[in-house]
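Read off the chains here:
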Amino acid sequence: MSINSETVNKLAKLSALKVDTATNAELCHDLGKILDFVSQLQEVNTDGVEPMASTVGSNITPEREDKVTETNTREALMQNSPKEEMGFFVVPRVVE
Amino acid sequence: MELYELGLKEAATKIKNKEISSTELTKSLLDRIEARNGEINAYVTVDRDIALEMAQSSDTRIKEGNPRLIEGVPLGIKDLFCTKGVRTTACSHILDNFIPPYESTVTTNLWNAGGVLLGKTNMDEFAMGSSNESSYFGAVKNPWDLSRTPGGSSGGSAAAVADYQCAASTGSDTGGSIRQPASFTGTVGIKPTYGRCSRFGMVAFASSLDQAGAFARNVEDAALMLRSMSGYDEKDSTSADRPIENYDEKLDQFDIKGLKIGLPKEYFVDGLDPKVKEIIDQSIKNFTDQGAEVVEISLPHTKYAVPAYYIVAPAEAAANLARYDGMRYGLRVEGDNLMDTYMKTRTEGFGMEVKRRIMIGNYTLSSGYYDAYYTKAQRVRALITKDFVDAFEQVDVIFTPTTPTPAFKIGGKVEDPVQMYLNDIFTVATSLAGLPGLSVPAGKMGFEGANLPVGLQMIGPAFSERQLLRTAYAHEQMTKFEPLKA
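Below you will find a few notes about this structure. (Residues numbered from 1 in each chain as written. Chains lettered and ligands numbered in written order. Predicted model: local features only at pLDDT ≥ 70, side-chain atom pairs only at ≥ 80, totals over all residues. Heavy atoms only, no water.)

Considerations on the overall build of chain A
Thinking step 1. Helix and strand counts for chain A stand at three helices and two strands.
Thinking step 2. Across chain A, helices and strands are ordered from the amino to the carboxyl terminus as α-α-α-β-β.
Thinking step 3. Since a compact globule built from 96 residues should have a radius of gyration of about 12 Å, the 23 Å found for chain A marks it as more spread out than a globular shape.
Thinking step 4. In terms of overall dimensions, chain A has a C-alpha envelope of 55 × 45 × 25 Å along the principal axes.
Thinking step 5. Each of the 96 residues in chain A was classed as buried or not, and the buried ones make up 30%.
Thinking step 6. For chain A, contacts bridging at least 24 residues in sequence account for 30% of all contacts bridging at least 6.
Thinking step 7. With an accessible surface of roughly 6900 Å², chain A has 50% of that area assigned to carbon and sulfur atoms.
Thinking step 8. Charge separation in chain A, taken as the distance between the mean sites of 9 positive and 16 negative side-chain charges, equals 9 Å. (Helix = DSSP H or I, 4+ residues; strand = E, 2+ residues; numbered from the N terminus. Rg over C-alpha atoms; globule rule 2.2 N^0.38 Å. Buried < 20%, exposed > 50% of the residue type's maximum accessible area, 1.4 Å probe, protein only. Contact = heavy atoms within 4.5 Å. Areas by Shrake-Rupley, 256 points an atom, 1.4 Å probe, with all protein chains shown as cover. Lys, Arg positive; Asp, Glu negative; His and termini not counted. Charge placed at Lys NZ, Arg CZ, Asp CG, Glu CD.)

Quick look at the structure:
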């Protein structure tokens, strides 16, 4: 299967990635090859087979008690912030 | 014999009997790492102070006569388990300076059992890879032959154990990331049933497949390590609410006579190195000589396991890795506006293999392709799982080679992603079905001028870890595999 550069650009956008021209060509090739490979699945007869999302039956998923377990860890959490001011995350302007 | 050569059980016993102290052992291992890490690159973070502090508190406990299961033994921890206050990166640039404010459940369990944090081990970026070459911190070298990969993604954990830079380590296995490196480094690696170990605090790759497990130089140590790290956790809704078993006890109480071993014909095919087959055949013969019965079985959808995996895993990865936006933690590369900042951060922060998988995931999840790829793969996953369910009606355990060949050269497959993916051919089906699997050293063979270890994979029904480890122990007794010398 061939993937064209337009598709690669669309996927890059969906993935929030930038792709330059050289990388685009490389990805056309690599992604095409991977999609070719996984397309083998089309030959499997899956009529009447339910899709399996997890090996854990949903009927055994337990519910925990609804109570507060976390204490205030704001300071520890903010330590990893790339940009911080007065205990807040500083992010680029969101509203134009 | 140096202290760093001690196994997990051996070291824990000596510490408990006050023959050695945890501090002595920890120092010996820290020195070993310092001497060897430049060459092997198994560790990406070693915090001497924290290690010695934990060792000291173990020594205090021993003095007070209050030792726990693995009191005072230093462990290697794969860099995707969050360790409170100690850098955790999943070997990605995007998590460069991430210091977790919390501890993963697996490591919490290990520290509660008396373990000491020796360091964080190298891995493929976000566990995406089979050769450890996608790590932001560079490839790990296989201690058996430095020109070769130790496998991946838990390459650092496997190499550290093989090279006596720790007695045991944690790994994680999404499609073979414990079993394949165990096979390549002549170590024992076990991936338990999905849900046996909590995923809380484990950096996510593909959530329906990710499962923590253990490496050690012998079966008993791997069993003890698994016992120390597993258990139900209410913080992980997919964790299994079952009691912890004492896997390391009574390993020899096992009757081979009458054991039904399944050999799936789909695993003994072209592409399997004949010398690997010879070694596996010998292992099987050891069992049949003791009265085990061999049953040829068929897992008819085996061929489709790798393609199904490479749809399911990237789709889950694309969703999981959407969280890395440079806003609250990790790398941020400032751009002209919010979207530009997201894109610059992710473009610089992720390596090529991770980008490929995110894009494949977003392709198969996009409207118009979702049913043809993603839902289709989930249906095939159901068929693959059913193959195993049917097989375990006839047999107790399945034996296969862990990998088609021994360790390949660093750089050998990196150019072709599909060739790299095929390396997982014998391990991914087990992961898709959520079953326990382990790899034990079965022998050594000449390969491209090197003498390299070969692993035997054992697969069991869900939550049969105890039986699986006993089978592996019996194999170990009969095989007499000679590990790498320190």
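That shown, we press on.
Some words on the environment of C28 of chain A
Residue and element names in this part refer to chain A.
Thinking step 1. Turning to its location among the elements, C28 is positioned in helix α2 (residues 21–38).
Thinking step 2. In this structure the C-alpha to C-alpha distance between C28 and S2, which are 26 residues apart in sequence, comes to 7.1 Å.
Thinking step 3. In this view, C28 contacts I3, N4, S5 and V8; residues no more than four positions away in its chain are not counted.

Comments concerning helix α15 (residues 465–479) of chain B
Count 3.6 residues to each turn of an α-helix, and residues three or four apart come out pointing the same way.
Residues and elements named next belong to chain B.
Thinking step 1. Under the 1.5 Å per step criterion, the end-to-end length of α15 is 20 Å for 15 residues, consistent within 8% with the ideal 21 Å.
Thinking step 2. Taken as a whole, α15 has its buried residues at E465, L468, L469, R470, T471, A472, A474, H475 and T479.
Thinking step 3. The inward-facing, buried residues of α15 contact β5 (188–191), α7 (219–229), α8 (274–289), β9 (397–401), β10 (437–447) and β11 (450–459). (Expected span 1.5 Å × (residues − 1).)

A few points about the interface of chain B and chain A
Thinking step 1. Taken together, the contacts link 64 residues of chain B with 55 residues of chain A.
Thinking step 2. Carbon and sulfur atoms make up 69% of the surface buried where chain B meets chain A, a total of about 5200 Å² over both sides.
Thinking step 3. In terms of surface lost to chain A, no three residues of chain B exceed M359, Y363 and K376 of chain B, which account for 13% of the buried area on that side.
Thinking step 4. Applying the counting criterion to the chain B and chain A interface returns five salt bridges.
Thinking step 5. R356 of chain B is paired through a salt bridge with D30 of chain A; the nearest N and O atoms lie 3.0 Å apart.
Thinking step 6. For the interface between chain B and chain A, the tally reads 16 residue pairs in polar contact (both at pLDDT 80 or more).
Thinking step 7. Among the secondary structure elements, those contributing two or more residues to the side of chain B that touches chain A are α9 (305–320), α10 (338–349), α11 (352–365), α12 (370–391), α13 (417–422) and α14 (428–433) of chain B. (Buried area = accessible area lost by both parts, 1.4 Å probe. Salt bridge = Lys/Arg side-chain N within 4 Å of Asp/Glu carboxyl O. Polar contact = N/O pair within 3.5 Å; in protein donor to acceptor, adjacent residues only side chain to side chain.)

A few points about α12 of chain B
Thinking step 1. Taking 1.5 Å of rise per residue, 22 residues should cover 32 Å, and α12 of chain B covers 31 Å from first to last C-alpha, within 8% of that figure.
Thinking step 2. Most pronounced at K376 of chain B, the bend in α12 of chain B amounts to some 30°. (Bend = angle between axes of the 7 residues up to and from the residue.)

A look at the pairing of strand β7 (residues 260–264) of chain B
Residue and element names in this part refer to chain B.
Thinking step 1. For β7, the buried fraction is high: four of the five residues fall into the buried class.
Thinking step 2. Pairing of β7 with strand β8 (residues 293–297), which is carried by five bridges, proceeds in the parallel orientation. Bridge pairing links L263 to E296 in β8.
Thinking step 3. For the handedness criterion, the β-α-β arrangement of β7, α8 and β8 is classed as right-handed.
Thinking step 4. In this sheet, β9 lies alongside β7 in parallel orientation, the contact comprising two bridges. Counted as the bridge partner of G262 is I398 from β9. (Pairing = 2+ DSSP bridges. Right-handed = clockwise from strand over helix to strand, strands pointing away.)

Structural notes on the nonpolar core
A general trend in soluble globular proteins is that nonpolar side chains are found buried together.
Residue and element names in this part refer to chain B.
Thinking step 1. F126, F388 and M458 are the most contacted members of the largest nonpolar core, which totals 172 residues.
Thinking step 2. Among the elements that line this core, the one with the most residues is α9, at eleven residues.
Thinking step 3. For M458, the contacting residues outside a window of four places in its chain are F287, V397, I398, F399, P436, G437, L438, V440, L468, T471, A472 and H475. (Core = buried A, V, L, I, M, F, W, Y, C linked by side-chain atoms within 4.5 Å.)

Quick word on the packing of α8 of chain B against α15 of chain B
All names here are of chain B.
Thinking step 1. Interhelical geometry of α8 versus α15 gives an angle of 100° and a closest axis separation of 10 Å. Classified by the interaxial angle, the pair formed by α8 and α15 is roughly perpendicular. Contacts from S283, N286 and F287 in α8 reach T471, A474, H475, M478 and T479 in α15. (Axes fitted to C-alpha atoms, helices over the stretch in contact; angles between N-to-C directions. Parallel < 35°, antiparallel > 145°, perpendicular 65-115°, else oblique.)

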